[in-house]
Amino acid sequence: MVVTKLVVRVSLIVAVLTLCGYFLWLVKSGLYPFIIALFLAYLLNPAVAHIEQKGFSRSWSIIIVYSVLFGALTLGAIKIVPILIKELENFAREIPSMAATGQQLLEQFQAQYQNSSLPFSLRIAFDKALLTLENELQGFTASIVDGIINSVSYFIGIVISPVLAFYLLHDWREIREKLLLFIPGKWRNQIIIIVRDIDKVLNGLIRGQLLVAFLVGILVSAGLYLLNVRFALLIGILAGLLDIIPYFGAIIGATPAVTLALLHSPILALKVVILFLIIHQLEGTVIGPKILGESVGLHPLSVIFFVFVGGELGGLPGMLLGVPVAAIVKVVFRHLYKLFV
């Protein structure tokens, strides 16, 4: 068998990429500030480029975008953060009483169906299902608390991420040009086309989904406030964040609100369910029931499949990344198919 130069070159590239990937996996715990910075720079680069086209320098364009962004965040924080802190304090204070109320409701429900005429085997099945539900809710609550604690522990990395993003934005073109030098000349144009297609897909997916999640968070908070549901802002923020997950985020985000409302009264819980149905029906009619699948070039069934796969492999982060990764892989395979078929 004759080993050609192409085979050797491809083997070397694969080996180098594998070693780099393994190294990054070993130091992954220290990479999160750079990952956040890269994500932030990717989101802000179109705005920076747009201002730059108006005649401003690259540095001043970044400063203008940063000023507008942090000004808006500061104004929002002045109004929202004190309310959020107060809700978090009240929520932490009332966790024992809410847990006791929930346990009491479960015991009442168990007593009702235990005294009913249901077959014994069916009552046993109900007991197991209730126990599983209780454990799942406890695990879900613990994961949220752990996430908040981890966010606080990563505070330093989160704070320096905008600084790293500034340097990435400032040297964006130089970084791109240097990366292109590592690609063989005859492949360079094709790689540029592939990257542009990936960028086009991720543009619609990431920015569109973030905007939708932001609007959903506002609608949920306002609706719960009008229904006099406690911790409306906290639940709205959580619902907005979870809404980034295609299809399933709406259900997961509604669970805490319905649970808290149920601790107050079944009627209030029903109102909350109706509220979430209206909001997500509105979401579906505004962005279209298939808009996510169309924006990434995937069928809705494929979107659901990759959300499941991502959740199985990486939990909540995997559910968030499943569809973008699948869309990128599809773009790459489409171009490879054109090259070799």
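Structure first, text after, so check above.
Keep in mind it's a predicted model, so treat the numbers as computed, not measured.

Attention now moves to the overall build of the protein. On a plain count of helices and strands, the protein comes out with 12 helices and 0 strands. Burial statistics for the protein: of 341 residues in total, 27% are counted as buried. When contacts within the protein are restricted to residue pairs at least 6 apart in sequence, long-range pairs at least 24 apart make up 69% of them. Entry remark: accessible area of the protein is about 22500 Å², with carbon and sulfur atoms responsible for 74%.

All right, on to the layout of surface pockets then. Reported here for the second largest pocket is a volume of approximately 310 Å³. Ile83, Glu87, Tyr225, Phe231 and Ala232 are, among the 13 residues lining the second largest pocket, the residues nearest its centre. Elements represented by at least two residues in the lining of the second largest pocket include exactly α3 (58-114), α7 (185-226) and α8 (232-242). Counting residues per element, the lining of the second largest pocket draws most heavily on α3, which supplies 5 residues.

Bringing the packing of aromatic side chains into the picture now. Per the counting criterion, the structure on display carries 3 aromatic pairs. With a centroid separation of 5.9 Å and an interplanar angle of 85 degrees, the aromatic rings of tyrosine 66 and phenylalanine 166 are classed as edge-to-face. Taken together, the residues span a long stretch of sequence, with tyrosine 66 in helix α3 and phenylalanine 166 in helix α5 (residues 155-170) at a distance of 100 residues. Taking the relative accessible area as the measure of exposure, tyrosine 66 reaches 12% and is therefore buried.

Take serine 61: it is sitting in helix α3. Here the side chain of serine 61 touches glutamate 52 through a polar contact of 3.3 Å, landing on its backbone nitrogen. In contact with serine 61, other than residues within four places in its own chain, are Val48, Ile51, Glu52 and Phe56.

Taken as a whole and assessed by the stated rule, the structure comprises 2 salt bridges. A salt bridge links arginine 58 to glutamate 52; its shortest N-O distance comes to 3.0 Å. Comparing arginine 58 with glutamate 52, the two get one shared label, buried. As a salt-bridge pair, glutamate 52 and arginine 173 come within 2.8 Å of each other at their nearest N and O atoms. Taken together, the positions of glutamate 52 in helix α2 (residues 32-53) and arginine 173 in helix α6 (residues 172-181) put the pair 121 residues apart, joining distant regions of the chain. For glutamate 52, a relative accessible area of 18% gives the class buried. Connected through salt bridges with shared partners, the residues Glu52, Arg58 and Arg173 form a single ionic network.

Here is what the cut-offs are and how they apply
Residues numbered from 1 in each chain as written. Predicted model: local features only at pLDDT ≥ 70, side-chain atom pairs only at ≥ 80, totals over all residues. Heavy atoms only, no water. Helix = DSSP H or I, 4+ residues; strand = E, 2+ residues; numbered from the N terminus. Buried < 20%, exposed > 50% of the residue type's maximum accessible area, 1.4 Å probe, protein only. Contact = heavy atoms within 4.5 Å. Areas by Shrake-Rupley, 256 points an atom, 1.4 Å probe, with all protein chains shown as cover. 1 Å grid on protein atoms, 1.4 Å probe; cavity = no way out; pocket = protein on both sides within 12 Å on 5 of 7 lines; lining within 4 Å. Points joined across faces, edges and corners; volume = space filled by probe spheres on them. Phe/Tyr/Trp six-rings, centres within 6.5 Å; stacked < 30°, edge-to-face > 60°. Polar contact = N/O pair within 3.5 Å; in protein donor to acceptor, adjacent residues only side chain to side chain. Salt bridge = Lys/Arg side-chain N within 4 Å of Asp/Glu carboxyl O.

Read these as spatial facts, not as claims about activity.
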